[in-house]
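The primary structure of each chain is shown beneath.
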Amino acid sequence: MSAAGFATAAALAETRRLLVPGATPLELDAAAERVIRGLGGRPNFQLVPGYRHTLCVSVDDDVVHGIPSERAFRPGDIVSVDGGAEVDGWNGDAAFTVVLPDPARPEVVAARETLSAVTESALWRGIAALAGARHLNEVGAAIEDHIRSAGDYGILTEYVGHGIGRTMHEEPPVFNYRVDRRGPAVKPGLVVAIEPMIVAGAVETFLRDDEWTVTTADGADSAHWEHSVAVHAEGIWVLTAEDGGVAGLAPFGVVPVPIP
Ligand code: MG
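Note that the coordinates shown come from a computational prediction; the quantities given were computed from them, not determined experimentally.

A. Inspection of the overall build of the protein chain at higher detail. What the protein chain contains, in helices and strands, is five helices and 17 strands. A compact globule built from 260 residues would reach a C-alpha radius of gyration of about 18 Å, and the protein chain, at 17 Å, matches this within 12%. Expressed as lengths along the three principal axes of its C-alpha atoms, the size of the protein chain is roughly 50 × 40 × 30 Å. Classification of the 260 residues of the protein chain by burial places 55% in the buried group. Residue pairs at least 24 apart in sequence account for 66% of intrachain contacts in the protein chain once pairs closer than 6 positions are excluded. Here the protein chain displays about 11100 Å² of accessible surface, and carbon together with sulfur accounts for 54% of that area.

Printed below as a string of structure tokens:
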């Protein structure tokens, strides 16, 4: 799964580079597909029945599953980009959020940057928890505790992370919150996509008329960060991070180990 994770990371890095005011989600989508195919993979989002894009691009109150459009990004937008690659029958899946600069609205930009930073650190907190977990649901407990300590944010419960392997979405679910079950044992061979979806308001969502885009009911901003993470005999390795998770895990005292 390393190759699929590498292609996913490369596609999202290129997407991040191109994500500026005036660019369009469809341009990002085409660039991500080029990168993935150039690395011998194919966009696995295109394998989801009814979906024909490489990325989901969700702006402002759209949380996840936004369909790439021709509407240009504007200053101050908070944009979440989700994508994945399949290489040799194995899958990667990752997402990031970015806030575009807007000198005219510093307070809006600051609040959105904080929301994204809290979501990203919750992701890394969850990955760090996986490194020491005996059971998978310890991940969600760590994410929830992190979010609750960060302020008045909402954790989406209708959408959760997932196992990943031969297909992009597999058992088991990976909750972003505490549940009353321990979940499966964490042991070598487990690979999961951890993906907190955090909102600056209430957690209620609705589906837009396109029947894909998940949007907050109260119009609040949202952020989404995701990585695919492998548990192996020597430790954990973040497959969709270019450094395997070294930088992201450092604040939590966890050192990822390359897969032997
Ligand atoms: Mg996912």
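B. Broad picture of the coordination of the magnesium ion. Donor atoms from the polypeptide that coordinate the magnesium ion comprise Asp93 (OD), His162 (NE2), Glu195 (OE) and Glu226 (OE), at 2.1 to 2.4 Å from the metal. The sequence pattern describing where the donors of the magnesium ion fall on their chain is D-x68-H-x32-E-x30-E. One end of the pair, His162, is in strand 9 (residues 161-163); the other, Glu226, is in the loop between strand 15 (222-224) and strand 16 (227-232), with 64 residues separating them in the sequence. Each member of the pair, His162 as well as Glu226, is classed as buried.

C. Local environment of the pairing of strand 16. Counting buried residues in strand 16 gives six out of six residues, a clear majority hidden from the surface. Both faces of strand 16 are covered, namely the face carrying His227, Val229 and Val231 and the face carrying Ser228, Ala230 and His232. Where strand 11 (residues 191-194) meets strand 16, four bridges bridge the pair, whose relative direction is antiparallel. Within strand 16, the position partnered with Val191 by the bridge is Ala230. Hairpin geometry of strand 16 and strand 17 (residues 235-238) is characterised by an intervening segment of two residues between the two adjacent antiparallel strands.

D. Up close: the nonpolar core. Counting 56 residues, the largest nonpolar core has Leu19, Phe73, Ile127, Leu130 and Ile194 as the members making the most contacts within it. In terms of residue count, the dominant contributor to this core is helix 3 (residues 106-132) (nine residues). Those residues in contact with Leu130 that sit more than four places away from it in its chain are Leu136, Val139, Val186, Leu190, Val192, Ile194, Val229 and Val231.

E. Expanded view of unusual backbone geometry. With an omega of 0°, the peptide bond running from Glu171 to Pro172 counts as cis. Considering the arrangement of structural elements, one finds Pro172 in strand 10 (residues 170-174). With phi around 70°, His65 is a residue other than glycine that occupies positive phi space. Judged by its relative accessible area of 29%, His65 falls in the partly exposed class. Residues other than glycine seldom take positive phi values, yet Glu211 does so here, at roughly 65°. Positionally, Glu211 belongs in the loop between strand 13 (205-207) and strand 14 (214-216).

F. Representation of helix 1 (residues 2-18) in the model. Taking 1.5 Å per residue, 17 residues should reach 24 Å; helix 1 reaches 25 Å between its end C-alpha atoms and fits that length. Among the residues of helix 1, those classed as buried are Ala4, Gly5, Ala7, Thr8, Ala9, Ala11, Leu12 and Thr15.

G. How the structure looks around the pattern of salt bridges. Inspection of every chain in the model, using the stated rule, returns 13 salt bridges. The salt bridge involving Arg37 is made with Glu33; its shortest N-O contact spans 2.8 Å. Of the two residues, Arg37 and Glu33 are both situated in helix 2 (residues 25-38); the distance of four residues between them amounts to about one turn of the helix. Look at Glu33 and you get partly exposed, because its relative accessible area is 23%. With a closest N to O distance of 3.7 Å, Asp77 and Arg74 form a salt bridge. Assessed through its relative accessible area of 2%, Asp77 is described here as buried. Residue classification places Arg74 among the partly exposed positions, given a relative accessible area of 42%. It is possible to trace a salt-bridge network through shared partners that takes in Asp60, Arg112 and Asp221.

Rules used in this analysis
- Residues numbered from 1 in each chain as written.
- Predicted model: local features only at pLDDT ≥ 70, side-chain atom pairs only at ≥ 80, totals over all residues.
- Heavy atoms only, no water.
- Helix = DSSP H or I, 4+ residues; strand = E, 2+ residues; numbered from the N terminus.
- Rg over C-alpha atoms; globule rule 2.2 N^0.38 Å.
- Buried < 20%, exposed > 50% of the residue type's maximum accessible area, 1.4 Å probe, protein only.
- Contact = heavy atoms within 4.5 Å.
- Areas by Shrake-Rupley, 256 points an atom, 1.4 Å probe, with all protein chains shown as cover.
- Donors = N, O, S within 2.8 Å, 3.2 Å for Na, K, Ca; no water.
- Pairing = 2+ DSSP bridges.
- Core = buried A, V, L, I, M, F, W, Y, C linked by side-chain atoms within 4.5 Å.
- Expected span 1.5 Å × (residues − 1).
- Salt bridge = Lys/Arg side-chain N within 4 Å of Asp/Glu carboxyl O.

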